[in-house]
Amino acid sequence: MAYSKDIIDKTIVFVKKTLTDAEGGHDWFHIQRVYNNALLIAKDGGGDLLIISLAALLHDIADSKFYDCDETIGPQLAQDFLETLQVEKAVIEHVINIIHHISFKNTLETKSAFHSKELDIVQDADRLDAIGAIGIARCFNYGGYKNRSLYNPSIKPVVHLTKKTYKKNTAPTIKHFYEKHLLLKDQIKTPTGKVMAEERHVFMEQYLDQFYKEWHGDW
């Protein structure tokens, strides 16, 4: 199925409306940044632009963390919407597979048999928005949404969590950097994504150095 600006425009309208009251780190502006990142990476990475665009726009249409951890709602909502636009079945299936496999928590256990260039591009685009200055802002925004403490020196981060324990984790926000955000740079797959991730990763390390300096009063 060829790229269709009309389909993309209608999808943008749908996503904006659906995410009107979404948490600030998973709102339309997050989607927009991921979409723009994906288009940028696709310039060098190739892939089917329609699938990349639709997956980027719909990947967080109903994030399971806000729906009692029900991971079926988002993919089903995306599928129902794409069917109303009469998008080809093969395109819909590919987009839904990307939505199913994009999240960090789904990479903590057994590797999926599903893989595609389009998944790599959209996944990298999404992970780039979880690191750097924006990633820091989103992390603290979600921590505030869940009423988590900023930092507690007595609580140690847990790495290599299972999907189950990751979803149940309630550690202070700073600990989450070590459990997810600082791990993402090495999981980026595309050449363009790797370059973008490097700068953002360094910024997070600098931020954490400054955070601990201020926390402990080291001047």
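What comes next is a walk through the structure. These figures come from a predicted structure and were not determined experimentally. (Residues numbered from 1 in each chain as written. Predicted model: local features only at pLDDT ≥ 70, side-chain atom pairs only at ≥ 80, totals over all residues. Heavy atoms only, no water.)

### Some points on the nonpolar core
In a soluble, globular protein the nonpolar side chains are often hidden away together inside.
Right, so step 1: Counting 58 residues, the largest nonpolar core has Val15, Leu58 and Phe177 as its most contacted members.
Right, so step 2: When residues in this core are grouped by element, the largest group, eight residues, is from helix H3 (residues 49-58).
Right, so step 3: Dropping the residues within four chain positions of it, Val15 is found in contact with Trp28, Ile31, Leu57, Leu58 and Ile61. (Core = buried A, V, L, I, M, F, W, Y, C linked by side-chain atoms within 4.5 Å. Buried < 20%, exposed > 50% of the residue type's maximum accessible area, 1.4 Å probe, protein only. Helix = DSSP H or I, 4+ residues; strand = E, 2+ residues; numbered from the N terminus. Contact = heavy atoms within 4.5 Å.)

### Looking at unusual backbone geometry
Right, so step 1: In this structure, Gln86 takes a positive phi of about 60 degrees despite not being glycine.
Right, so step 2: Along the chain, the position of Gln86 falls in the loop between helix H4 (73-84) and helix H5 (89-101).
Right, so step 3: Given a relative accessible area of 69%, Gln86 falls into the exposed group.
Right, so step 4: Look at Asn147: it is not a glycine, yet its phi comes out positive at around 55 degrees.
Right, so step 5: Of note, Asn147 is situated in the loop between helix H7 (132-145) and helix H8 (163-168).
Right, so step 6: We classify Asn147 as exposed; its relative accessible area is 71%.

### Side note on H4
Right, so step 1: For H4, with twelve residues, the first-to-last C-alpha span of 17 Å sits near the 16 Å given by 1.5 Å per residue.
Right, so step 2: Along H4, the residues classified as buried are Gly74, Pro75, Ala78, Phe81 and Leu82. The arc that holds the buried residues of H4, viewed along the axis, is 130 degrees, so those residues lie on one side.
Right, so step 3: Next to the buried residues of H4 lie helix H1 (5-18), H3 and H5.
Right, so step 4: Gln86 lies just past H4 and shows a positive phi near 60 degrees. (Expected span 1.5 Å × (residues − 1). Arc of directions from axis to C-beta.)

### With respect to the pattern of salt bridges
Right, so step 1: Applying the stated rule across the entire model yields six salt bridges.
Right, so step 2: Notably, a salt bridge pairs Lys185 with Glu198, separated by 4.0 Å at the nearest N-O pair. Of the two residues, Lys185 is situated in the loop between helix H9 (173-179) and helix H10 (191-216) and Glu198 in helix H10; the sequence distance between them amounts to 13 residues.
Right, so step 3: Overlapping salt bridges bring together Arg33, Asp129 and Arg138 as one network. (Salt bridge = Lys/Arg side-chain N within 4 Å of Asp/Glu carboxyl O.)

### A few points about the packing of aromatic side chains
Right, so step 1: Applying the stated criterion across every chain, the model contains eleven aromatic pairs.
Right, so step 2: Ring geometry for Tyr207 and Phe211: centres 6.3 Å apart, planes at 40 degrees, overall tilted. With Tyr207 and Phe211 both in helix H10 and four residues apart, the pair spans about one turn of that helix.
Right, so step 3: Under the relative-accessibility criterion, Phe211 is labelled buried at 13%.
Right, so step 4: Within the aromatic cluster, the residues linked to one another by ring pairs are Phe140, Tyr151, Phe177, Tyr207, Phe211, Tyr212 and Trp215. (Phe/Tyr/Trp six-rings, centres within 6.5 Å; stacked < 30°, edge-to-face > 60°.)

### Some thoughts on the packing of helix H2 (residues 28-45) against H3
Right, so step 1: For the pair H2 and H3, interaxial distance at closest approach is 8 Å and the crossing angle is 155 degrees. Comparing their axes, H3 and H2 come out roughly antiparallel. Regarding H2 and H3, the two cross each other, and that crossing is right-handed. The residues of H3 that touch H2, namely those facing Trp28, Ile31, Val34, Tyr35, Ala38, Leu39 and Ala42, are Leu49, Ile52, Ser53, Ala56 and Leu57.
Right, so step 2: Its residues assigned to classes, the contact of H2 with H3 comprises eleven nonpolar, one polar and no charged. (Axes fitted to C-alpha atoms, helices over the stretch in contact; angles between N-to-C directions. Parallel < 35°, antiparallel > 145°, perpendicular 65-115°, else oblique. Left-handed = near helix turned anticlockwise from the far one by under 90°. Nonpolar A, V, L, I, M, F, W, Y, C, P; charged D, E, K, R; others polar.)

### Side note on the environment of Gly45
Right, so step 1: Looking at where Gly45 falls in the secondary structure, it is placed in helix H2.
Right, so step 2: Relative accessible area serves as the criterion here: at 26%, Gly45 is assigned to the partly exposed category.
Right, so step 3: Here the alpha-carbon distance between Gly45 and Lys117, two residues 72 residues apart in the chain, equals 7.9 Å.
Right, so step 4: If near-sequence neighbours (up to four positions away) are discounted, Gly45 is found in contact with Lys117 and Ile121.

### A closer look at the environment of Asp126
Right, so step 1: Here Asp126 is to be found in helix H6 (residues 117-128).
Right, so step 2: The sequence separation of Asp126 and Phe104 amounts to 22 residues, and the corresponding C-alpha distance is 9.8 Å.
Right, so step 3: If we ignore the near neighbours within four places in the chain, the residues touching Asp126 are His30, Val34, His59 and Ile102.

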